Protein chains: 2
Amino acid sequence: MNLSNRIFAQYEIETAFPLEEAIATMAGEQSSGTFLQVPGETAELKEKSGAQIEWIRETGSVASPSLPGAGIPKGESRPVWRRALTQVSWPIENMGPSLPNLWATVAGNLFELQQFSGLRLVDLTLPEAFRDAYPGPQFGVAGTRRLTAVEGRPLIGTIVKPSVGLSPDATAALVADLVAGGIDFIKDDELQADGPHCPFAQRVEAVMRVINNHAERTGKKVMFAFNLTGEIEQMLERHDLVLRHGGTCVMVSLNSTGLPGLAYLRRHCQLPIHAHRNGWGLFQRSPHIGLSYLAYQKFWRLAGADHMHVNGLRNKFCEGDESVLASARECLTPMFQGEGRGCEVMPVFSSGQTVRQTADTFKGLGSPDLIYAAGGGLVAHPGGVAAGVRAMHQSWQAAMSGIDINEHARTNTELRQALEKYA
Amino acid sequence: MNLSNRIFAQYEIETAFPLEEAIATMAGEQSSGTFLQVPGETAELKEKSGAQIEWIRETGSVASPSLPGAGIPKGESRPVWRRALTQVSWPIENMGPSLPNLWATVAGNLFELQQFSGLRLVDLTLPEAFRDAYPGPQFGVAGTRRLTAVEGRPLIGTIVKPSVGLSPDATAALVADLVAGGIDFIKDDELQADGPHCPFAQRVEAVMRVINNHAERTGKKVMFAFNLTGEIEQMLERHDLVLRHGGTCVMVSLNSTGLPGLAYLRRHCQLPIHAHRNGWGLFQRSPHIGLSYLAYQKFWRLAGADHMHVNGLRNKFCEGDESVLASARECLTPMFQGEGRGCEVMPVFSSGQTVRQTADTFKGLGSPDLIYAAGGGLVAHPGGVAAGVRAMHQSWQAAMSGIDINEHARTNTELRQALEKYA
């Protein structure tokens with residue numbers, strides 16, 4: 001067996017069946033098997049194409065099933081639902097280095113199997129062939145820094161708010177305030193792509209006029225991630241439009257777009273791809289079914305994302321800080337060894353972010369390679385958006401210098417105001 | 001307010017917050033709001049672009065939250081988690097008739113909101129503009145019947161098994177047995193697309209040689225759904241190859257492909273699209289987070305699916321029969337009124353199907369417009385695959401004539417053998 005040609009997936013499982021029996025059913029379902037022995041499934045074919053159980057570690061048990069619909073062994077009158085961590089592997093020959101078909105293999109029918117009252121894909125290790133077959137991020141951290149000319153500190157970003165409802169001109173007016181205030185990065189809200197009240201083309205024209213004028217005057221080109229989510233042709237056309245207007249970033253809703261859609265855009269793309277994970281809660285909210293971000297983000301990094309959302313510390317959603325930081329660190333961890341093969345992407349902290357989370361974010365990530373995006377936490381600053389941007393800069397200066405934020409606020413008015421506002 | 005220009009989505013929710021407050025937070029998050037009032041979110045903008053709560057029906061309460069990570073109201077010492085069904089609506093002007101952006105709106109960030117310890121999208125009603133913007137199924141029931149020349153009864157189908165591991169020639173040899181036995185429909189397994197051991201092009205050539213020869217000899221063209229799941233260019237090339245070899249169907253793994261990928265294929269496609277929902281368990285398994293199939297399948301029907309998988313009665317997975325039948329009936333229910341605008345698709349019953357579920361399937365669906373696909377339940381027939389096909393025909397004759405299956409088996413040897421085998 002050539003280890004380098006196998007896919008390894010880790011699952012957290014819960015089952016009333018003997019562990020090995022349940023996992024073997026899953027391995028069969030996701031490779032050469034069906035629910036009955038069929039004539040063509042010879043021992044040789046099983047050996048060649050069957051998924052293998054690498055190891056099983058029992059982790060505990062519960063007295064009732066965590067998900068409905070699961071079965072119990074025949075004749076079992078007092079079932080116990082045991083939990084385990086297990087690793088299953090497949091030969092790459094089963095599907096070749098194809099992300100959509102990998103998804104069908106490691107995250108397909110198995111979630112519906114009666115054997116399990118809990119099943120989560122928690123990690124994934126892929127053979128080098130996937131890296132050879134996919135382009136990975138085109139810009140990543142270094143490319144994003146180059147385009148924004150921001151070095152040695154996080155990119156300070158914001159989101160166009162209200163999320164939806166502004167006209168192109170109103171959006172551009174907001175952007176004018178933001179760029180004047182010294183922001184590095186702005187993104188469309190994921191709800192705004194090409195709505196009739198704010199058509200994509202008119203928004204790009206209006207916004208890039210502001211950004212280009214500012215760049216000509218000051219030398220600072222603010223990166224705006226235009227949400228081009230849409231049909232395939234629309235996404236390519238919209239990319240070309242952004243490029244033509246001198247824009248430096250496009251944004252995609254991953255779960256709306258799909259892996260082939262993102263990979264297709266990436267191969268056409270000449271700009272960083274800001275990857276938004278909206279809808280991620282579907283995969284993450286239940287502790288009993290779904291995917292870990294550890295596994296999830298590897299698909300999109302290979303397909304070509306440059307920036308990946310990771311939520312933020314003390315966010316308005318329900319993810320804990322440990323999980324957020326683990327996701328963010330993973331974005332900066334190489335997926336493959338070798339120069340330029342790591343597929344590192346810039347983590348994007350967003351959701352309820354204010355000046356108050358910068359120190360813990362810096363401490364937890366151990367790197368300034370991130371985009372720190374605040375919506376209401378920046379533009380609702382009592383001194384206006386420019387003051388909001390300055391407050392964020394001041395907060396990050398404190399965080400990165402190890403200075404107490406309240407101490408730093410004594411001599412920095414906007415930070416002080418922000419601390420009062422976002423108490 | 002023009003009702004016909006609004007999107008209506010129903011959710012099952014669970015929250016420790018006052019119902020209206022929690023739902024208003026969700027409506028805000030998914031439209032014009034953020035977690036703080038921002039300057040641009042005027043009353044006029046809210047009125048124009050804000051999502052609206054249409055109604056709320058409390059359905060019960062539980063003593064502990066069903067999902068972790070949810071918050072409780074400040075100062076609440078004895079929280080109760082109330083459940084409700086609610087309908088929220090959006091003006092189509094927020095996103096335009098775009099399925100990927102609709103997904104971001106009705107199935108986006110809301111799943112992560114702290115306000116909810118349970119949130120499922122259970123139904124969706126779309127304005128006519130979506131039907132105008134999307135092609136819908138190209139073949140559907142009538143087109144599939146025309147291509148297979150099967151009228152007045154279900155298409156009897158099977159799946160190439162072993163799922164993965166057969167060479168193109170071995171696949172073709174299996175197909176030769178199946179078509180000789182009188183099968184109407186065969187599909188690739190979702191795990192087999194273009195694996196190195198069974199390349200797509202060679203499989204199509206080998207299989208279509210068999211199917212075309214059989215059609216020349218007998219006049220019966222068996223429909224084979226070739227799984228072309230892959231990158232965008234690959235899917236188009238593979239479609240063209242199938243078409244060139246006289247094939248009559250292509251298959252796509254929906255969750256691997258994404259909405260824009262399917263819509264792009266559809267616009268290029270000259271063949272029915274057999275839509276496989278593998279990975280559906282991710283959305284369906286938890287009663288507390290996810291989507292109903294009622295909502296889910298509407299996206300894919302608009303985007304262009306012709307056949308949609310609905311699991312099967314007494315399946316090997318964990319879905320109950322009521323749910324399977326509700327999904328299948330929905331596939332045959334028009335989404336929009338007007339000639340040719342209903343987007344009806346052929347439901348595909350599959351997973352652990354044998355001769356034993358035909359009567360209940362026919363009774364439950366109230367229509368013979370389905371594909372009845374059996375893998376092991378057909379090819380593992382003790383008399384071989386041809387006998388398996390004959391047994392299935394005999395079973396459906398009984399089901400559709402209201403004859404007891406055991407009675408019918410007295411004079412039908414293959415059915416009798418099947419009943420013994422699949423006891």
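Reading guide: rules and limits
Residues numbered from 1 in each chain as written. Chains lettered and ligands numbered in written order. Predicted model: local features only at pLDDT ≥ 70, side-chain atom pairs only at ≥ 80, totals over all residues. Heavy atoms only, no water. Helix = DSSP H or I, 4+ residues; strand = E, 2+ residues; numbered from the N terminus. Buried < 20%, exposed > 50% of the residue type's maximum accessible area, 1.4 Å probe, protein only. Areas by Shrake-Rupley, 256 points an atom, 1.4 Å probe, with all protein chains shown as cover. Lys, Arg positive; Asp, Glu negative; His and termini not counted. Charge placed at Lys NZ, Arg CZ, Asp CG, Glu CD. Core = buried A, V, L, I, M, F, W, Y, C linked by side-chain atoms within 4.5 Å. Contact = heavy atoms within 4.5 Å. Phe/Tyr/Trp six-rings, centres within 6.5 Å; stacked < 30°, edge-to-face > 60°. Lys NZ or Arg CZ within 6 Å of the ring centre and 35° of its normal. Least-squares fit on C-alpha atoms with pLDDT ≥ 70 in both. Salt bridge = Lys/Arg side-chain N within 4 Å of Asp/Glu carboxyl O. Buried area = accessible area lost by both parts, 1.4 Å probe. Pairing = 2+ DSSP bridges. Axes fitted to C-alpha atoms, helices over the stretch in contact; angles between N-to-C directions. Domains from an automatic or database assignment. Polar contact = N/O pair within 3.5 Å; in protein donor to acceptor, adjacent residues only side chain to side chain.

(A) Highlighting the overall build of chain A. Along the backbone of chain A there are 18 helices and 13 strands. Within the span of chain A, comprising 423 residues, buried residues form 65% of the whole. Carbon together with sulfur atoms contributes 48% to the accessible area of chain A, which is approximately 14,200 Å² in total. Positive and negative side-chain charges in chain A, numbering 38 and 43 respectively, have mean positions lying 5 Å apart.

(B) The nonpolar core, seen in detail. Counting residues in each nonpolar core, the largest one holds 234 residues, and the members touching the most others are Tyr11 and Val106 of chain A together with Tyr11 and Val106 of chain B. Apart from residues lying up to four places away in sequence, Val106 of chain A is in contact with Ile7, Ala9, Tyr11, Trp90, Leu121, Leu124 and Phe299 of chain A.

(C) Examining the side chain of Ser49 of chain B more closely. Residue placement: Ser49 of chain B occurs in helix H2 (residues 43-49). Apart from residues lying up to four places away in sequence, Ser49 of chain B is in contact with Val164 and Gly165 of chain A together with Ser31, Ser32, Pro91 and Asn94 of chain B.

(D) Representation of the packing of aromatic side chains in the model. Per the counting criterion, the structure on display carries 26 aromatic pairs over all chains. Ring centres of Phe224 of chain A and Phe226 of chain A lie 4.3 Å apart, and the angle between their planes is 35°; on these two criteria the pair is classed as tilted. Phe226 of chain A carries the same exposure label as Phe224 of chain A, and that label is buried. With a centroid separation of 6.3 Å and 85° between ring planes, the pair formed by Trp103 of chain B and Phe283 of chain B is classed as edge-to-face. Here Phe283 of chain B lies in helix H11 (residues 281-284) and Trp103 of chain B lies in helix H3 (residues 99-106), a separation of 180 residues in the sequence. Across the ring face of Tyr293 of chain A, the terminal group of Arg277 of chain A is positioned such that the distance to the ring centre comes to 4.7 Å.

(E) Inspection of the relation of the copies chain A and chain B at higher detail. The two copies are related by a screw operation: chain A maps onto chain B through 180° of rotation and 0.0 Å of translation along the axis, at an RMSD of 0.0 Å. With respect to symmetry, the two chain copies, as superposed, fit the operation of a two-fold axis. Within chain A, the C-alpha atom positioned nearest to the axis of rotation is that of Gly258 of chain A, 2.0 Å from it. A share of 100% of the interface residues of chain A reappears at the interface of chain B, consistent with the copies meeting face to face through the same patch.

(F) Spatial organisation of the pattern of salt bridges. Residues and elements named next belong to chain A. Under the defined criterion, the tally for this structure stands at 34 salt bridges over all chains. Note that Arg203 is salt-bridged to Asp188, the shortest N-O span being 2.8 Å. One end of the pair, Arg203, is in helix H7 (residues 200-218); the other, Asp188, is in the loop between strand E6 (185-187) and H7, with 15 residues separating them in the sequence. Under the relative-accessibility criterion, Arg203 is labelled buried at 0%. A relative accessible area of 1% means that Asp188 is categorised as buried. One salt bridge in this structure joins Asp360 and Arg314, with 3.0 Å as the shortest N-O distance. With Asp360 in helix H14 (residues 358-365) and Arg314 in the loop between strand E11 (307-309) and helix H13 (321-331), the pair connects residues that are 46 residues apart, well separated along the chain.

(G) Representation of the interface of chain A and chain B within the structure. With 99 residues of chain A in contact, the opposing surface of chain B contributes 100 residues. Surface buried jointly by chain A and chain B totals about 7,800 Å² across both partners, of which 60% is contributed by carbon and sulfur atoms. Contact with chain B buries surface across chain A, with Glu112, Leu282 and Arg285 of chain A losing the most and accounting together for 11% of the total. Viewed at the interface, chain B and chain A are joined by four salt bridges. With a closest N to O distance of 3.0 Å, Lys316 of chain B and Glu29 of chain A form a salt bridge.

(H) Structural context of the sheet that holds strand E2 (residues 52-62) of chain A. Residue and element names in this part refer to chain A. Read from one edge of the open sheet, five strands run E2-E3-E1-E4-E10, paired in mixed fashion. Unpaired on one side and paired on the other, E2 and strand E10 (289-291) mark the two borders of the sheet. Adjacent strand axes in the sheet meet at a mean angle of 15°, parallel and antiparallel pairs treated alike. Bridge analysis of strand E4 (residues 116-125) against E10 gives three bridges, and the strand direction is parallel. Bridge assignment links Arg120 to a residue of E10, and that residue is Gly290. Each of strand E1 (6-15), strand E3 (81-91), E4 and E10 is contacted by helix H3 (residues 99-106), which is oriented at about 30° to E1, the strand it contacts most. In this fold helix H12 (residues 293-303) packs onto E4 and E10, with an angle of close to 50° to the strand it touches most, E4.

(I) Examining the domain arrangement of chain A more closely. Residues and elements named next belong to chain A. For chain A, the assigned domains are domain 1 (3-133) and domain 2 (140-421). Distance from the C-alpha centre of domain 1 to the C-alpha centre of domain 2: 36 Å. Contact with domain 1, which involves 26 residues of that partner, is made by 24 residues of domain 2. Summed over both sides, the interface of domain 1 with domain 2 buries roughly 2,100 Å², with 64% coming from carbon and sulfur. As a salt-bridge pair, Lys298 and Asp123 come within 3.1 Å of each other at their nearest N and O atoms. Inspection of the region where domain 1 meets domain 2 yields 17 residue pairs in polar contact (both at pLDDT 80 or more). Put simply, the parts of the chain that give the side of domain 1 that touches domain 2 at least two residues each are H3, E4 and helix H4 (128-133). The biggest single contributor to the side of domain 1 that touches domain 2 is E4, with eight residues.

(J) View of unusual backbone geometry. All names here are of chain A. Residue Pro162 is bonded to the preceding Lys161 through a cis peptide linkage, with omega at 0°. Looking at the secondary structure, you find Pro162 in the loop between strand E5 (155-159) and helix H6 (168-180). Residues other than glycine seldom take positive phi values, yet Ser351 does so here, at roughly 105°. Relative to the assigned elements, Ser351 resides in the loop between strand E12 (346-349) and H14.

(K) The arrangement of the environment of Phe336 of chain A in detail. All names here are of chain A. Along the chain, the position of Phe336 falls in the loop between H13 and E12. Since its relative accessible area comes to 3%, Phe336 is described here as buried. Phe336 sits 206 residues away from Phe130 along the chain, and the two C-alpha atoms are 9.7 Å apart. With sequence-adjacent residues up to four places away left out, Phe336 is seen in contact with Leu126, Pro127, Glu128, Phe130, Arg131, Leu302, Arg341 and Gly342.

(L) Up close: the sheet that holds strand E8 (residues 249-253) of chain B. Residues and elements named next belong to chain B. Ordered by their spatial adjacency, eight strands build a closed barrel running E5-E6-E7-E8-E9-E11-E12-E13, and the pairing between neighbours is parallel. Taken over all neighbouring pairs, the strand axes of this sheet differ in orientation by 25° on average, direction set aside. With three bridges connecting them, strand E11 (residues 307-309) and strand E12 (residues 346-349) associate as parallel partners. Looking at E12, one finds that His309 is bridged to Val348.

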